[in-house]
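Residues per chain, in single letters:
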Amino acid sequence: MQNIFFSASFSIIIGLITTPLLIPFLRRLKFGQSIREEGPSWHQKKSGTPTIGGIAIMLASILAPLFVMAISKTLRYDLLIMLLTAFLYGVVGFVDDFIKVVKKRNLGLSAKAKFSSQLLVAILSALLLNHMGYLTGEIYIPFVKSAIDIGFWIIPLTVLVQLSVVNSVNLTDGLDGLASSITLIVSIFFTVCAVLLKSVSVGWFIVAVAGACASFLVFNAHPAKVFMGDTGSLFLGGAIAVCASCLGMPLFLIIAGGVYLIETLSVILQVISFKTTGKRIFKMSPLHHHYEMCGYTERKIVLLFSTTTLFLCILAFVSMMTIL
């Protein structure tokens, strides 16, 4: 428990130090956000706000558990694989951001290149974790006492979960402080799960992610001084997904990460409806933009979505108590 506290503290301190140093550096490099024309028109005033701030999230989330591992004088391969997984997703996001802000290609990586890169990371992560014995095939089901063993199918499930969560967090990152607030709450939930299930490595990592989100929110809350970009959102999605899988709790993401899921479904339903009927279900997707178009302020939407996430995480915790 002491090391959980150390990891969280180190992460917050690193985030609070690196983020304000990173912001002027990004400004000097002219790494400003380009706002897509399809979004709400009032978002254009955010154009030029420094992006790729997710670098600070990555540094805090990775360095903190490494420090704890160093002071505890233990080598944890499962922790290293989890850190590598999230880091590689962050690299994919960084390349995407770099193309957007430096190459001035607003869409970044092509959809095919982005998905292929993510798929490669997901497969590598699942195979490594399975080979090292950290994915045993056993998973917990919400409200069901006994775990079930799905054997080999744990590998494709892990790949699917990673791809789904990574892209869902990416879609959720559309308002000041939205993705970081939601991910902070989800990370705290999985930190509690890691402590109760005595999963040391997951605990060190996921609490560092929570600390990184908390420190980043200081600068990312509305009006945002910096955006995390795909660098941060893909990293956070990878971290949440790999930690949930290592706990044997990927299905709990359906509840705890319900807002991620709803945001993704809103996009899918919007596309299907428009292509089949020519009509839109929502005024704009993802869902947070629909609320904007309905007149909600960014602060109210973030509060609404964060509160919803809090209640969903409480529900997920109640469902988890059947396991213990």
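Engineer: Tell me about the overall build of the protein chain, and please be specific about residues and values.
Structural biologist: What the protein chain contains, in helices and strands, is 12 helices and two strands. The order of helices and strands in the protein chain, counted from the N terminus, is α-α-α-α-β-β-α-α-α-α-α-α-α-α. Taking 324 residues into account, the globule formula puts the C-alpha radius of gyration at 20 Å, and the protein chain, at 19 Å, falls close to it. Burial analysis of the protein chain (324 residues in total) assigns 53% to the buried set. In the protein chain, 77% of the contacts between residues at least 6 apart in sequence involve partners at least 24 apart. For the protein chain, the computed accessible surface area is about 14,500 Å², with 70% contributed by carbon and sulfur atoms.

Engineer: If you had to explain the environment of Gly108 to someone new, which residues and values would you point to?
Structural biologist: Within the secondary structure, Gly108 sits in the loop between helix H3 (77-101) and helix H4 (111-131). Taking the relative accessible area as the measure of exposure, Gly108 reaches 6% and is therefore buried. Put simply, Gly108 and Asp96 are 12 residues apart on the chain and 4.8 Å apart in space, counted from C-alpha to C-alpha. In this structure Gly108 touches Asp96, Ile99 and Lys100, once residues within four positions along its chain are discounted.

Engineer: Give a detailed account of unusual backbone geometry, specifying residues and quantitative values.
Structural biologist: The step from His222 to Pro223 runs through a cis peptide bond, and the omega angle for that step is -5 degrees. Mapped onto the elements, Pro223 comes out in the loop between helix H7 (200-220) and helix H8 (229-246). Omega for the bond connecting Ser285 with Pro286 falls within 30 degrees of zero, at 0 degrees, which places this linkage in the cis form. Residue placement: Pro286 occurs in the loop between helix H10 (258-277) and helix H11 (287-293). Phi at Lys73 takes a positive value of approximately 55 degrees, unusual for a residue other than glycine. If you trace the backbone, Lys73 turns up in the loop between helix H2 (54-72) and H3. Given a relative accessible area of 76%, Lys73 falls into the exposed group. A positive phi angle, near 70 degrees, is found at Phe143, a position not held by glycine.

Engineer: An account of helix H5 (residues 154-172) is requested, with residue identities and associated values reported.
Structural biologist: An ideal rise of 1.5 Å per residue puts 27 Å on 19 residues; H5 measures up with 26 Å between its terminal C-alpha atoms. Across the 19 residues that make up H5, a large majority, 14, are buried.

Engineer: Give me the nonpolar core: which residues, what numbers.
Structural biologist: One finds Phe189, Phe190 and Phe205 to be the most contacted residues of the largest nonpolar core, which totals 92 residues. Not counting residues up to four positions away in its chain, the partners in contact with Phe205 are Ser61, Pro65, Leu79, Met82, Leu83, Ala86, Phe235, Ala239, Val242 and Cys243.

Engineer: I'd like a description of the packing of aromatic side chains, backed by residues and values.
Structural biologist: Here the structure, examined in full by the defined rule, presents eight aromatic pairs. Seen in terms of ring centroids, Tyr291 and Tyr296 are 5.2 Å apart; in terms of plane orientation they differ by 90 degrees. Their pairing is edge-to-face. The side chain of Arg76 reaches across the aromatic face of Trp204, ending 5.2 Å from its centre. The positively charged end of Arg280 is found above the aromatic ring belonging to Phe274, 4.3 Å away from the centroid.

Engineer: Got a sec to walk through the side chain of Thr172? Specific residues and values, please.
Structural biologist: Relative to the elements of secondary structure, Thr172 occurs in helix H5. Side-chain polar atoms of Thr172 contact the backbone oxygen of Ser168, separated by 2.8 Å.

The rules behind each value
Residues numbered from 1 in each chain as written. Predicted model: local features only at pLDDT ≥ 70, side-chain atom pairs only at ≥ 80, totals over all residues. Heavy atoms only, no water. Helix = DSSP H or I, 4+ residues; strand = E, 2+ residues; numbered from the N terminus. Rg over C-alpha atoms; globule rule 2.2 N^0.38 Å. Buried < 20%, exposed > 50% of the residue type's maximum accessible area, 1.4 Å probe, protein only. Contact = heavy atoms within 4.5 Å. Areas by Shrake-Rupley, 256 points an atom, 1.4 Å probe, with all protein chains shown as cover. Expected span 1.5 Å × (residues − 1). Core = buried A, V, L, I, M, F, W, Y, C linked by side-chain atoms within 4.5 Å. Phe/Tyr/Trp six-rings, centres within 6.5 Å; stacked < 30°, edge-to-face > 60°. Lys NZ or Arg CZ within 6 Å of the ring centre and 35° of its normal. Polar contact = N/O pair within 3.5 Å; in protein donor to acceptor, adjacent residues only side chain to side chain.

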